[in-house]
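Here's the letter readout for the chains.
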Amino acid sequence: REAWLGDSEWTQTVHLLSAHATQFMHLMMVLLAHTQPLRTALLRPCASRAVRALGARACSSDAATAPAEAAVEPEQLRSTFLETMRWRGFLHQSTDLAALDDAMSGGRVVAYLGFDATASSLHVGSLLQIMLLRHFQRAGHKPIVLVGGGTTKVGDPSGKDASRQLLDEEAIASNIEGISRVFGRFLTFGEGPTDALLVNNDAWLSPLSYLAFLRDYGRHFTINRMLSFESVKQRLARESPLSFLEFNYMILQAYDFLELHRRHGATLQFGGSDQWGNIISGVELGRRADGAQLFGLTAPLVTTADGKKMGKTAAGAVWLNEDLLSPYEYWQFWRNTADADVGRFLRFFTELPQDEVEKLEALRGAQINDAKVVLANEATRMLHGEACLAEIQATAASLFAAGGGGGGGGTASLKRVKLSADEAAAGVPVVDLFVSLELGKSKSEVRRLVAGGGAKLNDVKIEDAALLISTASFEAASEIKLSAGKKKHGVVELAQ
């Protein structure tokens with residue numbers, strides 16, 4: 001571009017080409033995939049708003065062919081929120097970031113983020129999105145938490161090789177109640193100008209008339225475009241069935257954005273990078289249906305240093321609700337963070353100031369364990385509150401610093417099961433207790449653990465998988481500790 005035309009000639013050329021929009025957009029898809037200078041020219045701050053908007057639309061029209069960042073970031077962002085998010089690593093893709101920066105630095109913005117009710121609790125993989133909303137509210141803007149009472153009935157195909165299990169109304173309602181518990185710990189809800197709202201999209205999706213909806217909004221979506229989105233392309237490439245029900249999900253998510261704009265003035269949708277295509281559909285629908293300028297911004301999907309998806313461990317999902325994962329186990333998850341992930345996770349999952357994070361990031365060798373403890377304390381405090389930390393730290397000191405030391409003191413935060421006097425008198429298979437304490441997924445897994453020398457009772461290796469835990473096992477104590485490896489522990493308590 002620099003070799004061909006000056007700034008004014010280039011702008012005129014773009015306007016001329018944009019008059020032939022259909023042909024130009026197809027051409028742009030090819031050029032933008034291979035030409036960084038063209039992306040920069042279209043999206044640079046000195047270009048006219050119309051040219052930047054056109055470039056952003058072209059860049060964002062297909063998640064599969066769009067560059068990793070759909071808008072070139074200005075060197076300096078005026079919005080405190082956006083600048084903070086950039087430093088912390090939250091910014092992945094954005095539509096017309098310069099215009100969004102203008103809007104956010106000029107006053108309050110209303111944004112939303114959706115959570116489908118596919119389980120009774122969110123897991124730690126959703127925490128980055130919740131933190132995004134928290135930072136957004138603390139910067140003086142208004143967040144909307146959208147629970148997908150309607151879209152859960154359809155199922156989001158993004159990132160899935162198979163259709164999600166369809167849930168009935170009762171299960172969806174129960175899951176919404178479960179996932180909603182967490183939001184109040186991170187956001188302030190109320191009636192104020194920056195107070196968060198909790199909204200259920202079933203309120204407008206279930207009453208829709210199918211024919212009226214198709215007539216009014218279906219015309220804004222083309223099959224060609226829908227087939228180009230990454231979530232669809234991946235399923236088709238793997239020859240995995242994609243039902244017509246799931247194929248409609250992106251239309252319903254786009255319609256959510258339009259409804260929230262009309263009802264609550266939402267102009268920005270947050271999401272994970274796997275939602276980019278759906279978000280773009282909502283931005284486009286708002287423009288086509290209402291002439292609205294809407295924005296989309298995604299955060300990266302977080303993986304650990306070994307390439308695994310954030311939120312899952314060998315033992316299963318890291319749930320946010322304490323009835324599925326105890327505060328101690330949650331703390332332990334963060335304490336066990338790999339060295340290479342500590343700096344990123346301090347930026348993502350704490351609110352520590354930049355200078356403190358950078359000091360902790362600089363720690364090396366054994367000192368990095370201090371940073372892991374800070375990460376675990378901050379993340380656990382935010383979700384479960386300050387009160388549980390003293391008990392957790394006492395347990396951790398007993399199990400890690402002192403190397404265990406049997407049942408009793410320092411185990412108050414561990415998951416536990418109780419044996420009645422009758423059960424203890426008869427004896428209970430140790431493999432059953434390991435499964436009850438979630439130290440193994442199955443009896444066969446526990447037997448393999450015993451055979452490998454990883455199962456312990458009060459820090460003594462269990463030699464026989466047929467061992468029965470009886471009254472004699474407790475000796476003079478009221479509880480015993482079972483361990484799977486060095487980091488997973490539980491307590492068997494003798495009922496009095």
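Residues numbered from 1 in each chain as written. Predicted model: local features only at pLDDT ≥ 70, side-chain atom pairs only at ≥ 80, totals over all residues. Heavy atoms only, no water.

Asks: Go over the pairing of strand β6 (residues 295-299), please, and point to the residues and values.
Replies: With five of its five residues buried, β6 lies for the most part within the structure. Here strand β1 (residues 93-94) pairs with β6 via two bridges, running antiparallel. By the bridge assignment for β6, S94 is matched with L297. Bridging between strand β5 (residues 268-272) and β6 involves five bridges; their strand directions are parallel. What sits directly across from G271, in β6, is T298. What joins β5 to β6 is helix α15 (residues 276-290), and the crossover it makes is right-handed. (Buried < 20%, exposed > 50% of the residue type's maximum accessible area, 1.4 Å probe, protein only. Helix = DSSP H or I, 4+ residues; strand = E, 2+ residues; numbered from the N terminus. Pairing = 2+ DSSP bridges. Right-handed = clockwise from strand over helix to strand, strands pointing away.)

Asks: How would you sum up unusual backbone geometry? Please name residues and give values.
Replies: Notably, D96 is not glycine yet its phi reads approximately 40 degrees, a positive angle. Topologically, D96 is positioned in the loop between β1 and α6 (97-106). Owing to a relative accessible area of 8%, D96 belongs among the buried residues under this scheme. Positive phi values are uncommon outside glycine, yet E438 reaches one of about 60 degrees. Along the chain, E438 turns up in the loop between α22 (430-436) and α23 (443-451). Overall, the relative accessible area of 43% leaves E438 in the partly exposed class.

Asks: Any details on the side chain of T298? Residues and values, ideally.
Replies: Topologically, T298 is positioned in strand β6. Assessed through its relative accessible area of 0%, T298 is described here as buried. A polar side-chain atom of T298 sits 2.7 Å from a polar atom in the side chain of Q93. Once you skip the residues sitting within four places of it in the chain, T298 turns out to touch F90, L91, H92, Q93, G271, G272, S273, W276 and I279. (Polar contact = N/O pair within 3.5 Å; in protein donor to acceptor, adjacent residues only side chain to side chain. Contact = heavy atoms within 4.5 Å.)

Asks: Talk me through the sheet that holds strand β2 (residues 110-116); I want residue IDs and the actual numbers.
Replies: Ordered in space as β1-β6-β5-β2-β3-β4, the six strands form an open sheet in which the pairing is mixed. The open sheet has two free edges, formed respectively by β1 and β4 (197-200), since each of these has just one partner strand. Together, β2, β3 (142-148), β4, β5 and β6 form the strand contacts of helix α14 (residues 249-264), whose direction differs from that of β2 by roughly 145 degrees. (Axes fitted to C-alpha atoms, helices over the stretch in contact; angles between N-to-C directions.)

Asks: Mind laying out the pattern of salt bridges, listing which residues take part and the relevant values?
Replies: On inspection of all chains with the given rule, the structure shows 22 salt bridges. The closest approach of N and O atoms between K372 and D339, which form a salt bridge, is 2.6 Å. Note that K372 is positioned in helix α19 (residues 368-384) and D339 in the loop between α16 (327-335) and α17 (342-349), a separation of 33 residues in sequence. Under the relative-accessibility criterion, D339 is labelled partly exposed at 44%. Where E361 meets R347, a salt bridge forms, and the shortest distance between an N and an O atom there is 2.7 Å. With a gap of 14 residues between them, E361 in helix α18 (residues 354-361) and R347 in helix α17 connect regions that are remote in the sequence. In this structure E361 comes out as partly exposed when scored by relative accessible area, which is 24%. Ionic contacts of the salt-bridge type, sharing partners, join the residues R134, R138 and E351 into one network. (Salt bridge = Lys/Arg side-chain N within 4 Å of Asp/Glu carboxyl O.)

Asks: Lay out the environment of D323 in plain terms, naming residues and giving numbers.
Replies: By the element assignment, D323 lies in the loop between β8 (316-317) and α16. Separated by 202 residues in sequence, D323 and S121 have C-alpha atoms that sit 9.3 Å apart.

Asks: Could you give me a rundown of the nonpolar core, with the residues and numbers involved?
Replies: Ranked by size, the top nonpolar core spans 72 residues in total, and within it F270 and W334 carry the most contacts. What F270 contacts, discounting residues up to four positions off in sequence, is F81, A111, Y112, L113, L132, L133, F136, I279 and L297. In terms of nonpolar packing, the next biggest core, distinct from the first, is built from 30 residues, I144, Y217, I251 and Y255 among them. (Core = buried A, V, L, I, M, F, W, Y, C linked by side-chain atoms within 4.5 Å.)

Asks: Please give an account of the sheet that holds strand β15 (residues 488-494) that cites residues and values.
Replies: The strand order β9-β15-β14-β11-β12 describes an open sheet built from five strands, whose pairing is mixed. Either end of the sheet is taken by a strand with one partner, and the two such strands are β9 (416-419) and β12 (460-461). Where strand β14 (residues 479-484) lies against β15, six bridges are found, and the strand directions are antiparallel. Counterpart to K481 in the pairing with β15 is V491.

These results come straight from atomic positions and should not be treated as a statement about function.
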